[in-house]
Amino acid sequence: MRLLYKGDSMLIFEQNKKHSFRDPAAYIENGVIYLFFTLVENADDRQYFYVAMSTSADFINWSEPKILTEKDNLKNYSSPGNVIKYNGEYYLCLQTYPREDGQIYGNKNSKIFTMKSRNLQNWKEPVLLKVRGDIPESDMGRMIDPYILNDGDKFICFFKQNGVSFSTSNDLINWEFQGFTECGENVCVLKRKDEYLIFNSPENGINIMSTKDFRNFENITTLYLNQQNKPWAKDRITAGFVIETNGILPQKYAMFYHGDNEDDYLFGASLAVAFSDDLKNWNDEI
């Protein structure tokens, strides 16, 4: 499956009557791009959420989506945050998004998890992330959209709760809650020299904040990626995930994101990609 050029857009997967594609997260190893995302299925007069994946060697040709998680409305595994490698295994963080009683959005039982793999293709059962410390699951509150930063001698897990909350760990098992700040959802963090860039999603657009200490934050800008020329994303541009292209492309950075179009159904969305050399100016051409 090749990228679909539509106007000035580079679509990877375009929504149709049965499926939509959301919440991208990418990992590059040995010249292969592993793209994880939420696959929304309209079936049996209901919607089911899955984590799915696709691979590419050039950002242009993509494999057909492969579903990684089970069909279960009580879980609705979704919103993969990112992949990190630790002790010879890969960890993918993700959420549950239960809507079993017909809720519009994931209910109070929504939680965040990791699942492990040795080859980025076959994944074990998800394990709960106890980012609020050793407390009962019922006391953790609603939390979604995890992202784990491997920051030298520690890990930092960001998740949506009271804006963005964050916790630290030395082993991905035992966590200490650190606090929260005002921020959008679908956080992605990129470390540059002595600062961290935090890509996040407000009501519309992809916002960029910076911080040096996760205590003081500076708002930089909000990107809309020429949304006015993207009818497939007319309702919202969101969920930006930024990654270095590692020499696969002339451009240094790629941003995967999704655009909402909910004319036909709730959670209708398509996945796309844009490119940049400076993290400021983004274009839709390789």
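Here, the structure is the one placed above.
Residues numbered from 1 in each chain as written. Predicted model: local features only at pLDDT ≥ 70, side-chain atom pairs only at ≥ 80, totals over all residues. Heavy atoms only, no water.

1. Here's the deal with the overall build of the protein chain
Using the following cut-off: Secondary structure follows DSSP: runs of H or I at least 4 residues long count as helices, runs of E at least 2 residues long count as strands, and numbering of each begins at the N terminus. Note on exposure labels: buried denotes an accessible area under 20% of the residue type's maximum, exposed denotes more than 50%, and partly exposed covers the range between, all computed with a 1.4 Å probe on protein chains only. Any two residues whose heavy atoms approach within 4.5 Å at even a single point are treated as in contact. The convention is simple: Lys and Arg are positive, Asp and Glu are negative, and His and the chain ends are not counted. Charge coordinates come from a single atom per side chain, which is NZ of Lys, CZ of Arg, CG of Asp or CD of Glu.
Counting its regular elements, the protein chain contains zero helices and 21 strands. The principal-axis extents of the C-alpha atoms in the protein chain amount to approximately 50 × 50 × 35 Å. By the burial criterion, 57% of the 286 residues in the protein chain qualify as buried. Here the analysis covers contacts within the protein chain between residues at least 6 apart in sequence; of these, 48% occur between residues at least 24 apart. In the protein chain, 31 side chains carry a positive charge and 40 a negative one; their mean positions are 2 Å apart.

2. Comments concerning the pairing of strand β20 (residues 253-260)
This is how the line gets drawn: Note: two strands are recorded as paired if DSSP finds a minimum of 2 bridges between them.
Counting buried positions along β20 gives eight out of eight residues, so the element sits mostly inside the fold. Pairing geometry for strand β19 (residues 236-244) and β20, over seven bridges, is antiparallel. Residue pairing across strands places Ile237 opposite Gly259, the latter belonging to β20. With eight bridges connecting them, β20 and strand β21 (residues 269-276) associate as antiparallel partners. Paired with His258 across the strands is Leu271, a residue of β21.

3. Some remarks on the side chain of Ser167
Examined against the element boundaries, Ser167 turns out to sit in strand β13 (residues 164-169). Contact partners of Ser167, with chain neighbours within four places excluded, come to Val131, Phe155, Ile156, Cys157, Phe159, Trp175, Glu176, Phe177 and Gln178.

4. Structural notes on the pattern of salt bridges
Here is the rule we go by: Every case where a carboxyl oxygen of Asp or Glu lies within 4 Å of a side-chain nitrogen of Lys or Arg is listed as a salt bridge.
Tallied over the entire structure, the rule returns 16 salt bridges. Measuring nitrogen to oxygen at the nearest pair gives 3.2 Å for the salt bridge that ties Lys191 to Asp151. Placement of Lys191 in strand β15 (residues 185-192) and of Asp151 in strand β11 (residues 144-151) is noted, with a sequence separation of 40 residues between them. Look at Asp151 and you get buried, because its relative accessible area is 8%. Among the ionic pairs, Lys234 bridges to Asp235, the shortest N-O distance being 3.0 Å. Overall, Lys234 belongs to the partly exposed group, its relative accessible area being 41%. For Asp235, a relative accessible area of 35% gives the class partly exposed. Through salt bridges with shared partners, one network takes in Glu89, Lys116, Arg118 and Lys124.

5. Quick word on the pairing of β13
Among the six residues that make up β13, six are buried, leaving the element largely enclosed by the rest of the structure. A two-sided burial pattern is seen for β13, the buried positions comprising Val164, Phe166 and Thr168 on one face and Ser165, Ser167 and Ser169 on the other. With six bridges connecting them, strand β12 (residues 154-160) and β13 associate as antiparallel partners. Its bridge partner being in β13, Phe158 is matched across the sheet by Phe166. Between β13 and strand β14 (residues 175-181), which pair antiparallel in sequence order, lie five residues; one of them, Leu172, sits at a positive phi of approximately 70°.

6. Points about the nonpolar core
Quick reminder of the rule: Among buried residues, those of type Ala, Val, Leu, Ile, Met, Phe, Trp, Tyr and Cys that are joined through side-chain atoms within 4.5 Å constitute a nonpolar core.
By size, the foremost hydrophobic cluster in this structure holds 58 residues, and its most contacted members are Phe59, Phe158, Phe199, Phe256 and Trp282. Formed by 15 residues, the second largest nonpolar core is a distinct cluster that contains Tyr77, Val83, Leu94 and Phe113.

7. A short note on the sheet that holds strand β9 (residues 112-117)
Taken together, the four strands give an open sheet; going across it, the order is β7-β8-β9-β10, and neighbouring strands pair in antiparallel fashion. Sheet topology places β7 (83-86) and β10 (127-128) at the edges, where each strand pairs with a single neighbour. Pairing of β7 with strand β8 (residues 89-95) involves four bridges; the strand directions are antiparallel. Among the inter-strand pairings, Ile84 is bridged to a residue of β8, identified as Tyr91.

8. So, the packing of aromatic side chains
Applicable threshold: Ring pairs are drawn from Phe, Tyr and Trp, using the six-membered ring of Trp, whenever the two centres fall within 6.5 Å, and their geometry is named by plane angle: stacked under 30 degrees, edge-to-face over 60, tilted for the rest. When the NZ atom of lysine or the CZ atom of arginine is within 6 Å of a ring's centre and also within 35 degrees of its normal, the charge is said to sit over that ring.
According to the stated counting rule, one finds 21 aromatic pairs in the structure shown. With 5.2 Å between their ring centres and 80° between their planes, Phe49 and Phe267 make a pair best called edge-to-face. Here Phe49, found in strand β5 (residues 46-56), pairs with Phe267, found in the loop between β20 and β21; they are 218 residues apart in sequence, far enough to count as distant. When the ring of Tyr105 is compared with that of Phe267, the centres are 6.1 Å apart and the planes differ by 90°; the resulting orientation is edge-to-face. A residue pair is termed long-range when its members are at least 10 positions apart, and Tyr105 in the loop between β8 and β9 and Phe267 in the loop between β20 and β21 qualify at 162 residues. A relative accessible area of 6% means that Phe267 is categorised as buried. Ring pairing ties together the aromatic residues Phe49, Tyr97, Tyr105 and Phe267, which thus form one cluster. We note Arg132 situated over the ring of Phe177; from NZ or CZ to the ring centre the distance is 3.8 Å.

9. Here's the deal with the environment of Lys124
One can find Lys124 in the loop between β9 and β10. As a C-alpha pair, Lys124 and Gly163 span 39 residues in sequence and 30 Å in three-dimensional space. Setting aside its immediate chain neighbours within four residues, Lys124 contacts Glu89, Met115 and Lys116.

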